[in-house]
Amino acid sequence: MLNDLHSIKDLAGDEIEKSDSLRQVQELRIKYLGKKGIITGRIKSLGAVSPEDRRNYGQLLNEVKTYIEDLLCRSEKTFKAAELNRTLQTQRIDVTLPGYFIPPGHLHPTTQVLDEIVDVFTSLGFHVEEGPEVELDFYNFEALNMPKDHPARDMQDTFYITDDVVLRTHTSPVQVRIMKNNTPPLRVIAPGKVYRCDADVTHIPMFHQLEGFMVDKHITMSDLKGVLEVFIHKVFGTDTKLRFRPSFFPFTEPSAEIDISCVICRGAGCSVCKNTGWLEILGAGMINPRVFEMAGYDPEQYTGFAFGMGIERVAMLKYGIDDIRLFYENDKRFLEQF
Ligand code: DAH
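Residues numbered from 1 in each chain as written. Predicted model: local features only at pLDDT ≥ 70, side-chain atom pairs only at ≥ 80, totals over all residues. Heavy atoms only, no water.

**Some thoughts on the pairing of strand E9 (residues 303-310)**
With 6 of 8 residues buried, E9 lies mostly within the body of the structure. When strand E5 (residues 206-216) meets E9, the two strands line up antiparallel, connected through 8 bridges. By the bridge assignment for E9, Phe213 is matched with Ala306. (Buried < 20%, exposed > 50% of the residue type's maximum accessible area, 1.4 Å probe, protein only. Helix = DSSP H or I, 4+ residues; strand = E, 2+ residues; numbered from the N terminus. Pairing = 2+ DSSP bridges.)

Have a look at this one:
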């Protein structure tokens, strides 16, 4: 009987030693110590052993059980350590490897040009104001001397929200909003988005404008000329010439369109300036007394100038871009050039 236990011990020792994986060791654990295992079976049938043999037999059984248990544990430990070592080897993170390059983004060309223009005017003492993009018909048209049936309304293809509410077609309504809530002297620029129902190489339904105006006693057209000259020279270079051409806007009197000498051919004539040597860049004029009345100012007391320009247009002239739609197609090959 004791021999039986000795041979179990030898066999188990042999098998555990020969096993070459954690799984095999675990199978041996089940074989010997599991619920239906060999050792467990012997423990269960201990009661059937005759009382005189039971003591010795039990003691040896216990020793064999501890022996197998120890061997199994040691072997499991060895295999687990080996496995851990293997994962450490294969899944090692090398912190000295260079990281992935994430290319830095940059500001959109419209934003870059807008920021540059805003910088020029703030350096001249203008401060920045904003108005709503969803605007009352009153501010967008009426207060700018364009009553409901005024033909000048046709110049701008308006998105109407209701009969009295529009998407602003220009930044000029900010003039009246600011004047209504402030007293002169005023030196303001108002950049922002504007909307027109129009689309081709030079028109898109949403674009940016920058409005500027100055109101005080004794403001004249020469103040307008001086300010615009500084602006043009800063943005396009000091050798750029300006030309004031008579024009019409309902909210200015007199009105002018301002051209600059062609930035491509320097005035010699090319396809960009259609051989005229000049490029139209903005609209301007002396604020119409009717607009002052709408804002509650006494036109006998105050005068002022105003101007408005398209930001994308300035960017197109500055960088020689011939299609305004490129700005908002989000083609990286285009955007990366700025
Ligand atoms: N609001 C005009 C437009 O969108 C631009 C403009 C012209 C603004 C003359 C002005 C101005 O302030 O005096 O076409």
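Additional details are given in the paragraphs that follow.
**As for the site of the ligand**
Lining the immediate surroundings of the ligand are 15 residues, of which His170, Ser172, Arg196, Gln209 and Glu211 lie closest. With respect to the ligand, the side chain of Ser172 contributes an N or O atom lying 2.9 Å from a nitrogen atom. Expressed as a share of its isolated accessible area of 360 Å², the protein-covered part of the ligand is 91%. Elements represented by at least two residues in the shell around the ligand include exactly E5, strand E8 (278-287) and E9. Tallied by class, residues from the shell around the ligand come to 5 nonpolar, 8 polar and 2 charged. (Near = heavy atom within 4 Å. Polar contact = N/O pair within 3.5 Å; in protein donor to acceptor, adjacent residues only side chain to side chain. Areas by Shrake-Rupley, 256 points an atom, 1.4 Å probe, with all protein chains shown as cover. Nonpolar A, V, L, I, M, F, W, Y, C, P; charged D, E, K, R; others polar.)

**Describing the packing of aromatic side chains**
This structure, assessed with the given rule, holds 12 aromatic pairs. For the ring pair Phe138 and Tyr139, a centre distance of 5.1 Å and an interplane angle of 80 degrees mean the geometry is edge-to-face. Judged by its relative accessible area of 30%, Phe138 is partly exposed. Look at Tyr139 and you get buried, because its relative accessible area is 12%. Plain terms: the ring middles of Phe327 and Tyr328 are 6.2 Å apart, the flat faces sit at 40 degrees to each other, and that makes the pair tilted. Grouped by ring-pair contacts, the aromatic residues Phe121, Phe126, Phe231, Phe305 and Phe307 constitute a single cluster. Positioned above the aromatic ring of Tyr67 is the side chain of Lys9, whose terminal nitrogen or guanidinium carbon lies 4.8 Å from the ring centre. (Phe/Tyr/Trp six-rings, centres within 6.5 Å; stacked < 30°, edge-to-face > 60°. Lys NZ or Arg CZ within 6 Å of the ring centre and 35° of its normal.)

**Digging into the packing of helix H5 (residues 109-123) against helix H8 (residues 221-236)**
The packing of two helices is summarised by the inter-axis angle and the distance between the axes. Contact geometry for H5 and H8: axes closest at 10 Å, N-to-C directions at 140 degrees. In this view, H5 runs oblique relative to H8, as classed from their interaxial angle. In terms of crossing hand, the pair formed by H5 and H8 is right-handed. Facing H5, whose interface residues are Glu116, Ile117, Val120, Phe121 and Ser123, H8 presents Val227, Phe231, Lys234 and Val235. (Axes fitted to C-alpha atoms, helices over the stretch in contact; angles between N-to-C directions. Parallel < 35°, antiparallel > 145°, perpendicular 65-115°, else oblique. Left-handed = near helix turned anticlockwise from the far one by under 90°. Contact = heavy atoms within 4.5 Å.)

**As for helix H2 (residues 22-33)**
Counted at 1.5 Å a residue, the expected span for H2 with its 12 residues is 16 Å, and the 16 Å between its end C-alpha atoms agrees. Of all the positions in H2, only Leu22, Val25, Leu28, Tyr32 and Leu33 are classed as buried. Within H2, the buried residues cover an arc of 115 degrees as seen down the axis, which keeps them to one side. For H2, the exposed residues set more than 90 degrees away from the buried face come down to Arg23 and Ile30. Taken together, the buried residues of H2 touch helix H1 (2-18), helix H3 (38-44) and helix H4 (51-90). (Expected span 1.5 Å × (residues − 1). Arc of directions from axis to C-beta.)

**Some thoughts on the environment of Gly47**
By the secondary structure assignment, Gly47 is in the loop between H3 and H4. Given a relative accessible area of 58%, Gly47 falls into the exposed group. Taking C-alpha positions, Gly47 is 69 Å from Gly99, a pair spaced 52 residues apart along the chain.

**Things to note about the environment of Asn275**
The topology assignment puts Asn275 in the loop between strand E7 (252-261) and E8. Overall, the relative accessible area of 62% leaves Asn275 in the exposed class. Each C-alpha atom, one on Asn275 and one on Cys265, is 9.2 Å from the other, the two residues being 10 residues apart in sequence.

**Let's talk about the state of the cysteines**
By definition, a disulfide links the sulfur atoms of two cysteine residues through a covalent bond. Applying the stated criterion across every chain, the model contains 0 disulfides. Cysteine Cys273 remains unbridged, with the sulfur of Cys265 as its closest cysteine sulfur at 3.6 Å. (Disulfide = S-S within 2.5 Å.)

**Some details on the sheet that holds E9**
In spatial order, the strands read E1-E4-E5-E9-E8-E7-E6; together these 7 strands make up an open sheet with mixed pairing. This sheet does not close on itself; its edge strands, each paired only once, are strand E1 (127-128) and strand E6 (242-249). Each of strand E4 (186-195), E5, E8 and E9 is contacted by helix H7 (residues 173-181), which is oriented at about 40 degrees to E5, the strand it contacts most.

**Side note on the nonpolar core**
A general trend in soluble globular proteins is that nonpolar side chains are found buried together. Formed by 48 residues in total, the largest nonpolar core has its most connected members in Ile117, Phe121, Leu210, Phe231, Phe307 and Met309. It is H8 that provides the largest number of residues to this core, a total of 7 residues. (Core = buried A, V, L, I, M, F, W, Y, C linked by side-chain atoms within 4.5 Å.)

All we've got here are geometric facts, nothing functional implied.
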